[in-house]
Amino acid sequence: SWHQSGAFVVTSRLDGAALPDAVEEAVVISGGKDGSRTSHLGDKVHFGYRDSIAQPRFEVNGAVMGRHDNQPPTPVGAVLLGFDETSFPDVTWDSPQPRMLSDNGCFNAFRVLRQDVDAFEEFLGAVAEQYSWNKEYVAAKLMGRWRNGVPLVLAHDEEWSQPGAGMPASISDEDLNDFDYPDRSQGGDDLEGRPCPLGAHIRRANPRGSRIVQRSANYTRPIVRRGVPYGPPYDQENPRDGRQRGLLGIFMCSSLIAQFEAVMYDWINLGLQDPRITGTNDPIIGANKPETSRFEIRLDRERSVELTGFPRFTHVEAGIYLFCPSISGLQYLASLPN
């Protein structure tokens, strides 16, 4: 095997696993609009949020696959190579040669993301104390969702700011991604950034139908993403234990430059969606510095609060760009002579 050949040397090891409280929540069920009951995985991360909610929905042979939302279906060619239709109108990606290897494969940005949970929780607590807010309210504003996954545009009442608030029967697992910012029918007409701030993480990573500076880019950068935590669960009663925590993440798409890097550079770390956030970074995963960081929370049409001085909470410890061949691509490699 490779480790016996001496071709590679193991320099470090990180074991990823679902957090214990996430495993427990995997059996929680919520009521659907039709009275049905559906289960969901407890994909929690160390910052306390439920993760992996918003994923592209693909149109395959006329059928749309994935959790329902009101965004346009994503062409399969947005992630897999060899298809004529991609997420960019009239753009088809060149497939690496030979086609037997590249067709139905995709590119993958693998990241080791260290999360500074101590700094994050301390920042939430400091802001909550300064403005007499609930800590969960601050966390929700930074993310755009409550930590249980419910988006702010669907639930922004004060009762949701209680730690551990569960999902009511009126909001099902399907509803967690079925919203838009300019959609009045969902009670979510939030073009001005209230209740969901313009610079919140989920709004930067996916502006949905919002008016943005890059007018034709709204739905052009879909990415299939999965992550698993590494490190021990964070203990609120015993902080600063010196243990590293974070995520092992994969981000899969057909063009790393036009999709993954564009999201990270233009939207996460420059804020090119809206002039009001241009020049700021994502509060959760952005490359922030205390000297320049800022994040606006709108209180109403006239008043807002600007948070400043917060550090970088997520650090890229390691990363690599990979090509992931399909099953047929692996079969082609296996058929090659030694």
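Look above for the structure.
Just so you know, these numbers come straight off a predicted model, no measurement behind them. (Residues numbered from 1 in each chain as written. Predicted model: local features only at pLDDT ≥ 70, side-chain atom pairs only at ≥ 80, totals over all residues. Heavy atoms only, no water.)

**Quick look at the overall build of the protein**
Broken down by element type, the protein carries eight helices and 11 strands. Here the protein holds 338 residues, and 45% of them are scored as buried. Accessible surface, the protein as shown: approximately 17,700 Å² in total, 53% of it carbon and sulfur. (Helix = DSSP H or I, 4+ residues; strand = E, 2+ residues; numbered from the N terminus. Buried < 20%, exposed > 50% of the residue type's maximum accessible area, 1.4 Å probe, protein only. Areas by Shrake-Rupley, 256 points an atom, 1.4 Å probe, with all protein chains shown as cover.)

**Re the sheet that holds strand β3 (residues 58-60)**
A sheet is described by the order of its strands in space; here three strands give the open sequence β4-β3-β5, paired in mixed fashion. Lying at the two open borders of the sheet, with one neighbouring strand each, are β4 (63-65) and β5 (74-75). Note that β3 and β4 share three bridges and pair antiparallel. If you follow Phe58 over to β4, its bridge partner there is Met65. (Pairing = 2+ DSSP bridges.)

**Regarding the nonpolar core**
In globular proteins that are soluble, nonpolar side chains generally tend to be buried together. Membership of the largest hydrophobic core comes to 52 residues, with the highest contact counts inside it found for Phe47, Tyr49, Phe120, Trp133, Leu142 and Leu307. Going through the elements one at a time, β6 (106-115), α4 (117-131), α5 (135-143), β8 (246-253), α7 (256-268), β9 (294-298) and β10 (304-308) are the ones with two or more residues in this core. With seven residues, the single largest contributor to this core is α4. Those residues in contact with Trp133 that sit more than four places away from it in its chain are Val127, Ala128, Val138, Ile297, Leu299 and Val305. With five residues, the next largest nonpolar core counts Val76, Val79, Cys106 and Met252 among its residues. (Core = buried A, V, L, I, M, F, W, Y, C linked by side-chain atoms within 4.5 Å. Contact = heavy atoms within 4.5 Å.)

**As for α7**
Along its 13 residues, α7 runs just 15 Å from first to last C-alpha, ending more than 12% under the 18 Å computed at 1.5 Å per residue. A maximum bend of about 50° is found in α7 at Ala262. Every buried residue of α7 is listed here: Leu256, Ala258, Gln259, Phe260, Ala262, Val263, Asp266, Trp267 and Ile268. On the buried face of α7, the contacting elements are β6, α6 (201-205), β8 and β11 (314-324). (Expected span 1.5 Å × (residues − 1). Bend = angle between axes of the 7 residues up to and from the residue.)

**Some details on unusual backbone geometry**
The amide bond that connects Gln97 to the next residue, Pro98, takes the cis arrangement and shows omega of 0°. A positive phi is found at Asn61, a non-glycine position, where the angle reads about 55°. Following the sequence through the fold, Asn61 ends up in the loop between β3 and β4. Under the relative-accessibility criterion, Asn61 is labelled exposed at 82%.

**Looking at the packing of aromatic side chains**
Centre distance and the angle of the planes are the two values used to describe a pair of aromatic rings. Under the criterion given, the structure shown has 13 aromatic pairs. An angle of 35° between the planes, with centres 4.4 Å apart, marks the rings of Phe47 and Phe120 as tilted. Residue Phe47 is found in the loop between β2 (37-39) and β3, and its partner Phe120 is found in helix α4; the two are separated by 73 residues along the sequence. The pair formed by Phe47 and Phe120 is uniform in burial state, with each residue classed as buried. Site record: aromatic cluster; members linked through ring pairs are Phe47, Tyr49, Phe120, Phe123, Phe310 and Phe313. Across from the ring centre of Tyr181, 4.0 Å away, lies the NZ or CZ of Arg203, which sits over that ring. The cationic tip of Arg208 hangs over the ring face of Phe179; the distance from NZ or CZ to the ring centre is 3.9 Å. (Phe/Tyr/Trp six-rings, centres within 6.5 Å; stacked < 30°, edge-to-face > 60°. Lys NZ or Arg CZ within 6 Å of the ring centre and 35° of its normal.)

**Here we look at the pairing of β10**
Looking along a regular strand, one sees side chains alternate from face to face of the sheet. Residue alternation in β10 divides its side chains into a buried set, Val305 and Leu307, and an unburied set, Ser304, Glu306 and Thr308. Connecting the antiparallel pair β9 and β10 is a turn made up of five residues.

**What about the sheet that holds β6?**
Reading across from one edge, β7-β8-β6-β11 is the order of the four strands in this open sheet, with antiparallel pairing throughout. Of all the strands in the sheet, the pair left with one neighbour each is β7 (224-230) and β11. Strand-to-strand, the axes of this sheet are offset by a mean angle of 15°, without reference to chain direction. Two elements, β6 and β8, share eight bridges in a ladder whose sense is antiparallel. For Phe110, the partnering residue across the bridge sits in β8 and is Ile250. Against the sheet, α7 touches β6, β8 and β11, its axis set at about 15° to β6. (Axes fitted to C-alpha atoms, helices over the stretch in contact; angles between N-to-C directions.)

**Notes on a nonpolar patch on the surface**
Side chains of Leu330, Leu333 and Leu336 sit close together on the surface and give an oily, nonpolar patch of about 250 Å² of accessible area. Here Leu330 lies in helix α8 (residues 327-335). (Patch = residues over 30% accessible without salt bridge, like charges linked within 9 Å, V, L, I, M, F, W, Y side chains within 5 Å. Salt bridge = Lys/Arg side-chain N within 4 Å of Asp/Glu carboxyl O.)

**Observations concerning empty space enclosed by the protein**
Considering all chains together, one arrives at one cavity of 30 Å³ or more under this definition. Considered as a void within the structure, the largest cavity measures approximately 50 Å³ in volume. In terms of lining, the largest cavity is formed by Glu192, Gly193, Pro197, Leu198, Arg276, Glu296 and Arg298. Of the residues belonging to the lining of the largest cavity, the class tally is two nonpolar, one polar and four charged. (1 Å grid on protein atoms, 1.4 Å probe; cavity = no way out; pocket = protein on both sides within 12 Å on 5 of 7 lines; lining within 4 Å. Points joined across faces, edges and corners; volume = space filled by probe spheres on them. Nonpolar A, V, L, I, M, F, W, Y, C, P; charged D, E, K, R; others polar.)

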